[in-house]
Amino acid sequence: MDTANLVLGLVFSSIGLGYFLYGRRQASLAFRYCGIALMVYPYFVGDTRLVVVIGAGLLLLPRFVDI
């Protein structure tokens, strides 16, 4: 694991915490589940480009999916 993965993991996990808290306050399951996924997935993905692509996808997912 290199420095870029650590920094990107920290960034996406921080945003994921914000999504989770927002989803809990607004009772939005899409934001809540995407927040959890954003906090967890950097531990399982090792490639830097893949971290960015999955993170961007999870960031945009609640905008298009309403649960």
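Preceding this paragraph is the structure being described.
Please read all numbers here as calculations on a predicted model, not as lab measurements.

Analysis parameters
- Residues numbered from 1 in each chain as written.
- Predicted model: local features only at pLDDT ≥ 70, side-chain atom pairs only at ≥ 80, totals over all residues.
- Heavy atoms only, no water.
- Axes fitted to C-alpha atoms, helices over the stretch in contact; angles between N-to-C directions.
- Helix = DSSP H or I, 4+ residues; strand = E, 2+ residues; numbered from the N terminus.
- Parallel < 35°, antiparallel > 145°, perpendicular 65-115°, else oblique.
- Left-handed = near helix turned anticlockwise from the far one by under 90°.
- Contact = heavy atoms within 4.5 Å.
- Phe/Tyr/Trp six-rings, centres within 6.5 Å; stacked < 30°, edge-to-face > 60°.
- Buried < 20%, exposed > 50% of the residue type's maximum accessible area, 1.4 Å probe, protein only.

1. Details of the packing of helix 1 (residues 3–26) against helix 2 (residues 29–40)
One can describe the packing of helix 1 onto helix 2 by two numbers: an axis separation of 7 Å at closest approach and a directional angle of 160°. Of the possible angle classes, the one that applies to helix 1 and helix 2 is roughly antiparallel. Viewed along their axes, helix 1 and helix 2 form a crossing whose handedness is left-handed. For the pair helix 1 and helix 2, the contacting residues are Phe12, Ser13, Ile15, Gly16, Leu17, Tyr19, Phe20, Tyr22, Gly23 and Arg24 in the first and Phe31, Arg32, Cys34, Gly35, Ile36, Leu38 and Met39 in the second.

2. Regarding the packing of aromatic side chains
Under the counting rule described, the total for this entry stands at three aromatic pairs. When the centroid spacing of 5.1 Å and the interplanar angle of 65° are considered together, the rings of Tyr19 and Phe31 count as edge-to-face. Residue Tyr19 is found in helix 1, and its partner Phe31 is found in helix 2; the two are separated by 12 residues along the sequence. Like Tyr19, the residue Phe31 is buried in the burial classification. Aromatic ring contacts, followed pair by pair, group Tyr19, Tyr22 and Phe31 into a single cluster.

3. Considerations on the environment of Gly35
Along the chain, the position of Gly35 falls in helix 2. For Gly35, a relative accessible area of 0% gives the class buried. As for Gly35 and Phe20, which are separated by 15 residues in sequence, their C-alpha atoms are 4.4 Å apart. Excluding anything up to four places from it in sequence, Gly35 contacts Gly16, Tyr19 and Phe20.

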